[in-house]
Amino acid sequence: MAKGGKQKTHKASSKVFKKKKNGTLTYKLSNGNHKTNKDSAKQVRQRRTKGVLSKGEADRIKSVI
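Note that the structure is a prediction, hence the values are computed from the model and not measured.

What counts, and where the lines are drawn
- Residues numbered from 1 in each chain as written.
- Predicted model: local features only at pLDDT ≥ 70, side-chain atom pairs only at ≥ 80, totals over all residues.
- Heavy atoms only, no water.
- Pairing = 2+ DSSP bridges.
- Helix = DSSP H or I, 4+ residues; strand = E, 2+ residues; numbered from the N terminus.
- Salt bridge = Lys/Arg side-chain N within 4 Å of Asp/Glu carboxyl O.
- Buried < 20%, exposed > 50% of the residue type's maximum accessible area, 1.4 Å probe, protein only.
- Phe/Tyr/Trp six-rings, centres within 6.5 Å; stacked < 30°, edge-to-face > 60°.

A.B. asks: A description of the sheet that holds strand β1 (residues 18–19) should follow, citing residues and the corresponding values.
C.D. replies: If you walk across this open sheet you meet the 3 strands as β1-β2-β3, and the pairing is antiparallel. Each of the sheet's edge strands pairs with one partner strand only, and the pair in question is β1 and β3 (50–52). For β1 and strand β2 (residues 25–28), the ladder comprises 2 bridges, and the chain directions are antiparallel. Considered in β2, the bridge of K18 is made with T26.

A.B. asks: Account for the pattern of salt bridges, with residues named and values stated.
C.D. replies: Inspection of the entire model under this criterion finds 3 salt bridges. Of the charged contacts in the structure, one is a salt bridge between D39 and R47, with a shortest N-O distance of 3.0 Å. Accessibility assignment for this pair places D39 and R47 in one class, buried. A salt bridge links E57 to R60, with the nearest nitrogen and oxygen atoms 2.8 Å apart. With E57 and R60 both in helix α3 (residues 55–62) and 3 residues apart, this pair spans about one turn of that helix. We classify E57 as partly exposed; its relative accessible area is 35%. Taking the relative accessible area as the measure of exposure, R60 reaches 53% and is therefore exposed.

A.B. asks: Now, about the packing of aromatic side chains: what can you tell me, with residues and values included?
C.D. replies: Each pair of aromatic rings is reported with the distance of its centres and the angle of its planes. For the structure on display, the rule yields 1 aromatic pair. Judged by centre distance (6.1 Å) and plane angle (85°), the ring pair of F17 and Y27 falls under edge-to-face. Within this pair, whereas F17 is found in the loop between α1 (11–16) and β1, its partner Y27 is found in strand β2, the two being separated by 10 residues in sequence. When its relative accessible area of 16% is taken as the criterion, F17 is described as buried. Exposure remark for Y27: the relative accessible area of 26% places this residue in the partly exposed category.

What follows is the structure, given as C-alpha coordinates:
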(Lines give C-alpha, C1' and ligand atoms only; values in the text may rest on other atoms or scores of the structure.)
Protein backbone atom coordinates (compact mmCIF):
# COMPACT_ATOMS: atom_id res chain seq x y z
CA MET A 1 0.00 0.00 0.00
CA ALA A 2 1.54 3.20 -1.14
CA LYS A 3 1.08 6.20 1.12
CA GLY A 4 1.64 9.83 0.27
CA GLY A 5 4.84 11.27 1.66
CA LYS A 6 4.84 13.48 4.71
CA GLN A 7 6.01 17.07 4.57
CA LYS A 8 9.26 17.66 6.39
CA THR A 9 9.45 20.15 9.23
CA HIS A 10 11.11 23.42 8.28
CA LYS A 11 13.73 23.50 11.05
CA ALA A 12 14.50 27.22 10.90
CA SER A 13 10.82 28.13 11.28
CA SER A 14 10.26 25.63 14.07
CA LYS A 15 13.11 27.19 16.05
CA VAL A 16 11.74 30.72 15.63
CA PHE A 17 8.01 30.23 16.18
CA LYS A 18 6.34 28.66 19.20
CA LYS A 19 2.81 27.30 18.95
CA LYS A 20 0.48 28.10 21.84
CA LYS A 21 -2.44 25.94 22.99
CA ASN A 22 -4.99 28.11 21.21
CA GLY A 23 -3.08 27.73 17.92
CA THR A 24 -1.48 31.17 17.68
CA LEU A 25 2.18 31.44 16.77
CA THR A 26 4.50 33.66 18.80
CA TYR A 27 8.06 34.82 18.21
CA LYS A 28 10.72 36.91 19.95
CA LEU A 29 10.94 40.54 18.87
CA SER A 30 14.24 41.76 17.43
CA ASN A 31 16.76 44.31 18.75
CA GLY A 32 16.33 43.45 22.41
CA ASN A 33 19.44 41.46 23.27
CA HIS A 34 22.31 43.89 23.73
CA LYS A 35 23.30 47.51 23.14
CA THR A 36 19.97 48.69 24.50
CA ASN A 37 21.46 51.56 26.53
CA LYS A 38 20.66 53.96 23.69
CA ASP A 39 16.97 53.01 23.80
CA SER A 40 14.39 54.33 26.20
CA ALA A 41 13.16 52.05 28.99
CA LYS A 42 9.77 51.89 27.27
CA GLN A 43 11.30 50.55 24.06
CA VAL A 44 13.27 47.86 25.89
CA ARG A 45 10.25 46.87 27.96
CA GLN A 46 7.99 46.57 24.93
CA ARG A 47 10.47 44.31 23.17
CA ARG A 48 10.28 41.82 26.05
CA THR A 49 6.74 40.83 25.05
CA LYS A 50 6.25 38.19 22.41
CA GLY A 51 5.14 39.05 18.90
CA VAL A 52 2.05 37.31 17.54
CA LEU A 53 1.61 36.32 13.89
CA SER A 54 -1.53 37.35 12.05
CA LYS A 55 -4.04 34.63 11.21
CA GLY A 56 -3.14 34.49 7.51
CA GLU A 57 0.58 34.21 8.15
CA ALA A 58 0.03 31.68 10.94
CA ASP A 59 -2.04 29.38 8.69
CA ARG A 60 0.75 29.39 6.09
CA ILE A 61 3.54 28.72 8.62
CA LYS A 62 1.66 26.00 10.55
CA SER A 63 1.81 23.67 7.56
CA VAL A 64 5.64 23.59 7.66
CA ILE A 65 6.11 23.45 11.45
